[in-house]
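A closer look at the structure
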Amino acid sequence: MRIKNLTSITFVAAGLLALASCSNNNTRTTIGDDGHLLWFNSLQMEAPATLGPTTLQIAQENIAKYWKSDRKVELKLNNEAVAELGTEGFEIDFSGANICASANSEVGLLYASYELLRLQETDELAAQNGKLTSVPAFERRVLNHWDNLDGTVERGFAGHSLWKWDEINADDVAANSNIYAEYASANASVGINGTVLNNVNANADILTEDYLLKVKALAEIFRPYGLKVYLSLNFAAPKHLANLETSDPLDNEVVAWWNAKVAEIYKLIPDFGGFLVKANSEGQSGPQDYGRTHADGANMIAKALEPFGGIVMWRAFVYDAQSPDRAKQAVEEFMPLDGQFADNVLIQIKNGPVDFQPREPFSPLFGQFEKTQAMVEVQITQEYLGHSNHLVFMHPMWKECLDSDTYERGEGSTVGAITEGKVMPYKYTAIAGVSNVGNDRNWCGHHFAQANWYAYGRMAWNPELSSEQIANEWLMQTFSKEKKFVDSVGKLMVASREACVKYEMPLGLHHTFKGPDHYGPGPWDRSIRPDWEPAYYHKAAADGLGFDRTMKGSGAVAQYHEPLKSLYNDVATCPENLILWFHHLPWDYKMKSGRTLWDELCLTFQSGINDARSFVDIWNSVEQYVDHQRFSDVKVRLERQAKDAIWWRDATIQYFQQFSGMALPDGCQPFQQKLEKLMKYRIGITNYENPKIETLPEYKLD
Ligand code: GCV
């Protein structure tokens, strides 16, 4: 509801601290601290009702209930739109006696209310004096759920799907669980404004009337929080759902079917965001099944959505088993189509050219498109970074991608600038993050995995924020404001991604995991496809290690603009943290440190082990600042992480040792387990269910 003629609504700070009890429907927490309160912990914020308050009322309530300062807060809808604030931005004026937050829309005021509470809870209020203006960098800040209709979550490590399709009451929306409103408020508090409810490996049934009515119910619960619903579609839906003979995007009946389906959706959900599409990738159907192009397919859907303002997020994650270098395929397949996509299509590109590895260079496709809108897809769920067992704060990895300079239009054409529409004008800008949320009580499996959900939202709103800032503000709201706690655990978080790279696959190594779970080392692993086998990527042999993507190898370096092409091509200038991504090097290659590649590799793994081990000590040193339940949950996982780090090293280095024939250098701990045993060991997560803590080959921490 939009309140017309509303100029100023004033609230006296209530200073209420709403303590949660455990039986009430509007309660977020249970006895002990189970982590359900997320970053609303310091506020002990009550869970919202499923349905009821308008956007403006939610903003008002945020202030009325949780604002603790004596200064009054005014929430003011601008009478006349202030152009630079757009539809979602806000301004907060701290210069007067009262604090005045203004915006062009109710959702802008909602975001302002969360900003005020964040400033309050992170002790930043006193530092504010002038005007704070905040406008999101990306227009569509979207979560991608890989949730299946049967309740499982692909690459989900926090239980089952939040969406209980069997239980969602489409007739009486208010009767639904208020977990959906909790989810929406958490997203709104960090600025996320869109959610794709179902897996990109899409079941066509999501587009049947029964499901759409339930999607409508969720959309109604989410709407007051500014959260729009999107769906992943199955390109073969016309065949599956309407028994058409084809799903050819140029077939008239198919076009008519999609037009009618889109109109049906908008009748139910007038603010439906649009579709996410995985086509002709990993067995999914797509326009190429009918001899058509990605552009033919995307544009057909886009045309149906266009009258309603919907968009298509068409994924560039394509590769086929025969390619000698999978990293090159997105550019090869999509560049010939540059300029052919409708202007409500965005090509959704994973941060790196392969698949969410702990470290990849940025995908060169970002720097190649001249006439096509691109958006970044990052993975919040830790498919390749220790699932929900490892504490890995992912923000440094995503920021590394956004800050990467593509040099497309000279210096400064970063991935961030391009996708924000600052390099070439974009009609739409967007960013996507693959969700790590499930129905675990603490939402994300690992308490610290919540920080990745939080960080994704904060980054999508403001990519300039540093990892330190996001980690520290999350810690203060979620755990404790004690300086010693925030300083030491904040540093741990910021270091954790690099630690993971070091103990899993340093120096540009990639995809040395055991499949299909992508958890644990398996450089020897075999599969039904060569490009799903680690050897395809590491190419360990007597002559050395690494994938030659130079001009003498696969030539992938040529997909980067100068100076990157030459920089990556020349082993002397290639950054060493990517050296085995771009080069195949002899085991005794001299690294910048003067050590051989072999010694450097072993010592880098060891350094990752040491980091992971130190995380346990850091956590133990802050025990007094953390409630017992979360302290022990995290401690158990940190110990597991440190043992996993040794497991990774033992397995990977002993496997490579068969080719290098070289000994562990000084400074490396001896192996704890023999390769033969590790090669037989399987963790056995086959259906992406929460792996939680499982037994490993016995590892000891010193
Ligand atoms: C949703 C990787 C993952 C798959 C995922 C795919 C994708 O291959 O392992 O689980 O499928 O990426 O992003 O489409």
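Check the entry above for the structure.
Along each chain, numbering runs from 1 in the same order as the chain's sequence is written. Restriction of local features to residues with pLDDT of at least 70 applies here, the model being predicted, together with a cutoff of 80 or more for giving and counting side-chain atom pairs; totals for whole chains, interfaces and linings are based on all residues. Side-chain metrics in this entry use all non-hydrogen atoms of the structure; hydrogen atoms and water are not considered.

**Side note on the overall build of the protein chain**
A tally of regular secondary structure across the protein chain gives 20 helices and 13 strands. Rg of the C-alpha trace for the protein chain: 25 Å, near the compact-globule value of 27 Å for 702 residues, within the 12% margin. In terms of principal-axis extent, the alpha carbons of the protein chain reach across some 75 × 65 × 50 Å. In the protein chain, which comprises 702 residues, the proportion classed as buried is 63%. Within the protein chain, counting contacts between residues at least 6 apart in sequence, those at least 24 apart form 72% of the total. Charge-centre separation for the protein chain: the mean point of 65 positive side chains lies 2 Å from the mean point of 90 negative side chains. Secondary structure elements are taken from DSSP: a helix is a run of H or I of four residues or more, a strand is a run of E of two residues or more, and numbering for both begins at the N terminus. Atoms counted for the radius of gyration: C-alpha only. Globule rule: 2.2 Å times residue count to the power 0.38. Burial classes: relative accessible area under 20% of the type maximum marks a residue as buried, over 50% as exposed, and values in between as partly exposed (1.4 Å probe, protein chains only). Any two residues having at least one pair of non-hydrogen atoms within 4.5 Å are treated as being in contact. As used throughout, the charge tally considers Lys and Arg to be positive and Asp and Glu to be negative, leaving His and the chain termini uncounted. Working definition for charges: the position is that of NZ of Lys, CZ of Arg, CG of Asp or CD of Glu.

**Points about the site of the ligand**
Any residue with a heavy atom lying within 4 Å of a molecule or strand is counted as near it. Taken together, 14 residues form the shell around the ligand, and within it Glu154, Lys278, Arg315, Lys350 and Glu383 come nearest. Contacts described as polar in this section are N or O atom pairs within 3.5 Å, which, within protein, must combine one atom able to donate a hydrogen with one able to accept it, while residues neighboring in sequence count only if both atoms come from side chains. Contact between the ligand and glutamate 282: an oxygen atom at 2.7 Å from a side-chain N or O atom of the residue. Note that an oxygen atom of the ligand is positioned 2.7 Å from one of the side-chain N or O atoms of arginine 315. Contact with the protein chains removes 96% of the 340 Å² of surface that the ligand exposes when unbound. For this classification, Asp, Glu, Lys and Arg are treated as charged, while Ala, Val, Leu, Ile, Met, Phe, Trp, Tyr, Cys and Pro are nonpolar and the rest, including Gly, are polar. Its residues assigned to classes, the shell around the ligand shows 3 nonpolar, 3 polar and 8 charged. For the area figures, the Shrake-Rupley method with a 1.4 Å probe applies, and any residue is considered shielded solely by the protein chains shown.

**Side note on unusual backbone geometry**
For the peptide bond that leads from glycine 515 to proline 516, omega is -5 degrees, which places it in the cis range. Looking at the element boundaries, proline 516 is found in the loop between α14 (483-504) and α15 (534-538). The linkage connecting glutamate 562 with the following residue, proline 563, adopts the cis geometry, with an omega of 10 degrees. Its place among the elements puts proline 563 in the loop between α15 and α16 (564-569). One non-glycine residue with positive phi stands out, namely phenylalanine 356, at about 50 degrees. When you line up the elements, phenylalanine 356 lands in the loop between β11 (345-350) and α9 (365-368). Residue classification places phenylalanine 356 among the buried residues on the basis of a relative accessible area of 0%. In this structure, tryptophan 443 is a non-glycine residue whose phi angle is positive, near 75 degrees. Relative to the helices and strands, tryptophan 443 resides in the loop between β13 (430-434) and α12 (450-461). Take tryptophan 443: its relative accessible area is 0%, and that puts it in the buried class.

**Side note on helix α13 (residues 467-478)**
Turn by turn, an α-helix covers 3.6 residues, leaving residues three or four places apart pointing in a common direction. Helix span, expected: 1.5 Å multiplied by one less than the number of residues in the helix. Compared with an ideal rise of 1.5 Å per residue, which puts 12 residues at 16 Å, α13 spans 16 Å between its outermost C-alpha atoms and is within 8% of the ideal. Burial runs high along α13: 9 of the 12 residues are buried. Among all positions in α13, only Ser467, Ile470, Ala471, Glu473, Trp474, Leu475, Met476, Gln477 and Thr478 are buried. Where α13 is buried, its residues contact α2 (106-121), α10 (395-402), α12, α14 and α19 (628-660).

**A word on the packing of α14 against helix α18 (residues 597-621)**
Between α14 and α18, the least distance of the axes is 9 Å, while the angle of their chain directions is 155 degrees. When the axis of α14 is compared with that of α18, the two are roughly antiparallel. Pair α14 / α18 crosses with left-handed handedness. Residues Lys484, Phe485, Ser488, Val489, Leu492, Ala495, Ser496, Ala499, Lys502, Tyr503 and Glu504 of α14 form the contact with α18, whose participating residues are Thr604, Phe605, Ser607, Gly608, Ile609, Asp611, Ala612, Phe615, Ile618, Trp619 and Ser621. The axes used here are C-alpha line fits, helices contributing only the stretch in contact, and every angle between their N-to-C directions lies in the interval 0 to 180 degrees. Working definition: roughly parallel below 35 degrees, roughly antiparallel above 145 degrees, roughly perpendicular at 65 to 115 degrees, and oblique for all remaining angles. Each helix crossing is assigned a hand: it is left-handed if the near helix lies turned anticlockwise from the far helix by less than a right angle, otherwise right-handed if that turn is clockwise.

**Describing the pairing of strand β8 (residues 228-233)**
Across the 6 residues of β8, 5 count as buried, placing the element largely inside the fold. One requirement defines pairing of two strands: DSSP has to find at least two bridges between them. As paired strands, strand β7 (residues 194-196) and β8 are joined by 3 bridges and run parallel to one another. Directly across from threonine 195, in β8, lies its bridge partner valine 229.

**A closer look at α10**
With respect to burial, α10 is a largely interior element, 7 of its 8 residues being buried. The inward-facing, buried residues of α10 contact β12 (374-379), α11 (415-419), α12, α13 and α14.

**Notes on the pattern of salt bridges**
Salt bridge criterion: a side-chain nitrogen from Lys or Arg within 4 Å of a carboxyl oxygen from Asp or Glu. Per the stated rule, a full pass over the model turns up 39 salt bridges. The partner of lysine 350 in a salt bridge is aspartate 355, and the shortest N-O contact between them spans 2.7 Å. Across this residue pair, the class does not change: lysine 350 and aspartate 355 are buried. One salt bridge connects glutamate 370 with arginine 409, and the closest N-O pair in it is separated by 3.1 Å. Within this pair, whereas glutamate 370 is found in the loop between α9 and β12, its partner arginine 409 is found in the loop between α10 and α11, the two being separated by 39 residues in sequence. For glutamate 370, a relative accessible area of 41% translates into the label partly exposed. Through salt bridges that share partners, Arg359, Glu400, Arg497 and Glu498 make up one connected network.

**Here we look at the sheet that holds β12**
Sheet strands line up and pair through hydrogen bonds in the backbone, either parallel or antiparallel. Read around the barrel, 8 strands follow the order β6-β7-β8-β9-β10-β11-β12-β13 and close on themselves; strand pairing throughout is parallel. The average undirected angle you get between the axes of adjacent strands in this sheet is 25 degrees. By the bridge criterion, 4 bridges tie strand β10 (residues 311-315) to β11 in an arrangement that is parallel. Residue tryptophan 314 lies in a different strand from β11, and its bridge partner there is isoleucine 347. Here α12 sits on the sheet and contacts β6 (140-144), β12 and β13; the angle it forms with β6, its principal contact strand, is near 155 degrees.

**Side note on the state of the cysteines**
Think of a disulfide as a covalent bridge from one cysteine sulfur atom to another cysteine sulfur atom. Cysteine sulfur atoms that come within 2.5 Å of each other are treated as a disulfide pair. This model, assessed by the stated rule, comprises 0 disulfides. This cysteine, cysteine 401, is not joined by any disulfide, and cysteine 574 carries the nearest cysteine sulfur, 17 Å off. By relative accessible area, cysteine 574 is classed as buried at 0%.

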